[in-house]
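Residue-level listing of the chains:
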Amino acid sequence: MTQLLDLLDQFTHQHDQNRLVYNQDWLANQRDLIFLGQRCGATAIVDDYGNVYLDFPGQINDQPVATGSHMDTVKYGGRYDGLYGVLGGFCAIQQLYEQHGIPKHPIRLISFSEEEGNRFLAAFTGSKYYTGTLQIEKLLDNQGITFDEARRLAVTQLQHLPYVKAQHVALPVTFTELHIEQGPRLAQNNKKIGLVTGIVAQNRYEVTVHGQANHAGTTPMAQRQDAIATASLLMTKLYALAADTAEDLTFTIGEIHVSPNVSNVVAESCRFTIDCRANTNDQLMTFVTKMLQLLEQSKRTSVIETLHVPATRLSDDLLTQNAALATQMNYSYQTLFSGAGHDSQIMSSFVPTTMIFVPSEAGISHAPAEYTKPADLLTGVTLLSASLFMQANG
Ligand code: GLV
Ligand code: MN
Ligand code: MN
Ligand code: MN
């Protein structure tokens, strides 16, 4: 099973990962995954949004049990978010077939095209397309390339690889996602495994403050429409509001674009993102209502909602089954609620879904310093393999 570490090395050669959906790195890695699966006897399928499915046979040819995660990363991301669930899922399936032969039901590995919402302002597009819940409007990346243009160019290349089937496939009977925790709890509590009870509610917005570009030296302070001055004041008020709301609310302004972004020009516009999350829909909506009121009071400010995902409860039955397996295998575990969003959130509305977490050193994620000890990565894979064995033979 050193294979997992080799595969992770092969799929991530630079320090930080920029595998944004449909870019060259993304394409190379989805292609390498297809070849890897085909070499191991899987049927490779690619749908029109670039989700890659590797189907491994069962004794009965019915709907598969599935595992997997997303292939994209955030900008300047780490090596494990998403990719660990894909390559770890692959290794877990290999381990199962090596140890036990062909299971009763087929097993599917899914490498979702996109989950992070970093190239385009739409997130979870892979799992939403798979589950038939994607509604996409015209979206542009920072280079002005449309989502559809980027999608067609990349997906056609994957769909034309030898022996690849280009089609949409039916949903599996269960879905299990292996992932790094992305927070500090498992490492702090010295636990090897996290079993996920549910996932946060999350909304994202894009806010644009409009001003008037003008000369920095000649425009009297009282006569300016300075987009940065307005936006920075607004941001301070928003952070204060978030701090005053529910304890478990998270609020992040992670991206700011200023135009024209010139030192001696009063800013014409300032566009920034908001990511806010809470453990319950009610907590999130209470905050969102106040937040939108505050934004409405600001002149020349427009707001669009770019993501809304309700809080999600994952399968109790699958969690109980995995807890029993972890106990049998002597892996210390705890149950966790996830503050990170996952494809499992989308899948769980359609099929019983569960997640297995492994520790993140120092709780760092969405950054190049993201790290999980090799032994912990392998523990997650071994538990996933045992879990898939139970599910595929049930
Ligand atoms: C996805 O990883 C998210 O939680 O932002
Ligand atoms: Mn992820
Ligand atoms: Mn992520
Ligand atoms: Mn001048």
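Note that this is a predicted model, so its numbers are computed, not measured.

**Quick word on the domain arrangement of the chain**
A common way to state how big an interface is: give the accessible area lost once the parts meet.
Turning to step 1, where the next piece is worked out: If you check the domain split of the chain, you get domain 1 (2-199 + 312-393) and domain 2 (201-309).
Turning to step 2, where the next piece is worked out: Taken together, the residues of the side of domain 1 that touches domain 2 sort by class into four nonpolar, four polar and no charged.

**Some thoughts on helix α8 (residues 281-297)**
Turning to step 1, where the next piece is worked out: Taking 1.5 Å as the rise per residue, α8 with 17 residues should run 24 Å; its terminal C-alpha atoms sit 24 Å apart, in good agreement.
Turning to step 2, where the next piece is worked out: All of the buried residues along α8 are L284, F287, V288 and M291. All buried residues of α8 project into a common sector of 105 degrees when viewed along the axis, lining one side. Turned more than 90 degrees away from the buried face of α8, the exposed residues are D282, T289, Q293, E296 and Q297.

**Let's talk about the nonpolar core**
Turning to step 1, where the next piece is worked out: Counting residues in each nonpolar core, the largest one holds 70 residues, and the members touching the most others are L87, I93, I193, I356, F357 and L388.
Turning to step 2, where the next piece is worked out: Sorting elements by how many residues they give to this core places helix α3 (residues 83-100) first, with nine residues.
Turning to step 3, where the next piece is worked out: If near-sequence neighbours (up to four positions away) are discounted, I356 is found in contact with T176, L178, I193, L195, N322, G380, L383 and L384.
Turning to step 4, where the next piece is worked out: Residues I199, V207, V266 and I274 belong to the second largest nonpolar core, which totals 22 residues.

**Concerning the confidence of the model for the chain**
Turning to step 1, where the next piece is worked out: In the predicted model, the chain carries a mean pLDDT of 97, and the fraction of residues at 70 or more is 99%.
Turning to step 2, where the next piece is worked out: Averaged pLDDT values for the elements of the chain fall to 93 in helix α1 (residues 2-11) and rise to 99 in strand β6 (residues 174-180).
Turning to step 3, where the next piece is worked out: Prediction confidence for the complex, expressed as pTM and ipTM, is 0.97 and 0.92 respectively.

**Considering the UniProt feature "domain: Peptidase M20 dimerisation" (unreviewed entry) in the chain**
Turning to step 1, where the next piece is worked out: According to UniProt, the "domain: Peptidase M20 dimerisation" (unreviewed entry) feature falls on residues 205-298.
Turning to step 2, where the next piece is worked out: Measuring from the first to the last C-alpha atom of residues 205-298 gives 16 Å, for a span that is 37% helix and 29% strand.

**Remarks on unusual backbone geometry**
Turning to step 1, where the next piece is worked out: In the segment running from S259 into P260, the intervening peptide bond is cis, with an omega of 5 degrees.
Turning to step 2, where the next piece is worked out: Within the secondary structure, P260 is located in the loop between β11 (256-259) and β12 (265-266).
Turning to step 3, where the next piece is worked out: In this structure, Y76 takes a positive phi of about 55 degrees despite not being glycine.
Turning to step 4, where the next piece is worked out: Tracing the backbone through its elements, the reader meets Y76 in the loop between β3 (65-70) and α3.
Turning to step 5, where the next piece is worked out: A positive phi angle, near 75 degrees, is found at Q182, a position not held by glycine.
Turning to step 6, where the next piece is worked out: With respect to the element layout, Q182 can be found in the loop between β6 and α6 (185-189).

**A few points about the environment of L284**
Turning to step 1, where the next piece is worked out: You can see L284 is positioned in helix α8.
Turning to step 2, where the next piece is worked out: By the C-beta count within 10 Å, which is 24 here, L284 ends up buried.

**Overview of the environment of V74**
Turning to step 1, where the next piece is worked out: Inspection of the secondary structure puts V74 in the loop between β3 and α3.
Turning to step 2, where the next piece is worked out: Measuring from C-alpha to C-alpha, the distance between V74 and Q17 comes to 7.6 Å, with 57 residues separating the pair along the chain.
Turning to step 3, where the next piece is worked out: Discounting residues that sit within four places of it in the chain, V74 has contacts with E116, N118 and H366.

**Brief notes about the UniProt feature "binding site: Zn(2+) 1" (unreviewed entry) in the chain**
Turning to step 1, where the next piece is worked out: Here the UniProt-annotated "binding site: Zn(2+) 1" (unreviewed entry) positions come out as H70, D81 and H179. For the residues just named, distributed over 110 residues, the greatest C-alpha separation is only 10.0 Å, placing them together at one site.
Turning to step 2, where the next piece is worked out: For H70, the residues in contact, after removing those within four places along its chain, are G82, F112, E114, E115, G126 and D343.
Turning to step 3, where the next piece is worked out: Examined against the element boundaries, H179 turns out to sit in strand β6.

**Looking at the packing of α3 against helix α11 (residues 374-393)**
Turning to step 1, where the next piece is worked out: Following both chains from N to C, one finds α3 and α11 inclined at 55 degrees, their axes separated by 8 Å at the closest point. In terms of orientation, α3 lies oblique with respect to α11. Here the hand of the crossing between α3 and α11 comes out right-handed. Residues Y84, G88, G89, C91, A92, I93, Q95, L96 and H100 of α3 pack against L377, G380, V381, L384, S385, L388 and F389 of α11.
Turning to step 2, where the next piece is worked out: Class assignment for the residues of the contact of α3 with α11 results in 10 nonpolar, six polar and no charged.

**Focus: the packing of helix α9 (residues 316-328) against α11**
Turning to step 1, where the next piece is worked out: Their axes nearest at 10 Å, the elements α9 and α11 cross at an angle of 125 degrees. When the axes of α9 and α11 are compared, the pair comes out oblique. For α9 against α11, the interelement crossing comes out right-handed. Listed contacts from α11 to Q321, N322, L325 and A326 of α9 are L383, A386, S387 and M390.
Turning to step 2, where the next piece is worked out: Residues of the contact of α9 with α11, tallied by class, amount to five nonpolar, three polar and no charged.

**Digging into the pairing of strand β17 (residues 353-358)**
Turning to step 1, where the next piece is worked out: Of all the six residues making up β17, six are buried; the element is thus mostly covered by neighbouring parts of the structure.
Turning to step 2, where the next piece is worked out: Every second residue of β17 is oriented toward a common face, with T353, M355 and F357 on one face and T354, I356 and V358 on the other, all of them buried.
Turning to step 3, where the next piece is worked out: Bridging between β6 and β17 involves six bridges; their strand directions are parallel. In the strand pairing of β17, F175 is matched with T353.
Turning to step 4, where the next piece is worked out: With two bridges joining them, strand β7 (residues 193-199) and β17 adopt antiparallel strand pairing. Paired with L195 across the bridge in β17 is I356.

Cut-offs used in this document
- Residues numbered from 1 in each chain as written.
- Chains lettered and ligands numbered in written order.
- Predicted model: local features only at pLDDT ≥ 70, side-chain atom pairs only at ≥ 80, totals over all residues.
- Domains from an automatic or database assignment.
- Nonpolar A, V, L, I, M, F, W, Y, C, P; charged D, E, K, R; others polar.
- Helix = DSSP H or I, 4+ residues; strand = E, 2+ residues; numbered from the N terminus.
- Expected span 1.5 Å × (residues − 1).
- Buried ≥ 20, exposed ≤ 12 C-beta atoms within 10 Å, placed from the backbone.
- Arc of directions from axis to C-beta.
- Core = buried A, V, L, I, M, F, W, Y, C linked by C-beta atoms within 7 Å.
- Contact = placed C-beta atoms within 7 Å.
- pLDDT = per-residue confidence, 0-100.
- UniProt positions renumbered as here; feature names shortened; annotations may be inferred.
- Axes fitted to C-alpha atoms, helices over the stretch in contact; angles between N-to-C directions.
- Parallel < 35°, antiparallel > 145°, perpendicular 65-115°, else oblique.
- Left-handed = near helix turned anticlockwise from the far one by under 90°.
- Pairing = 2+ DSSP bridges.

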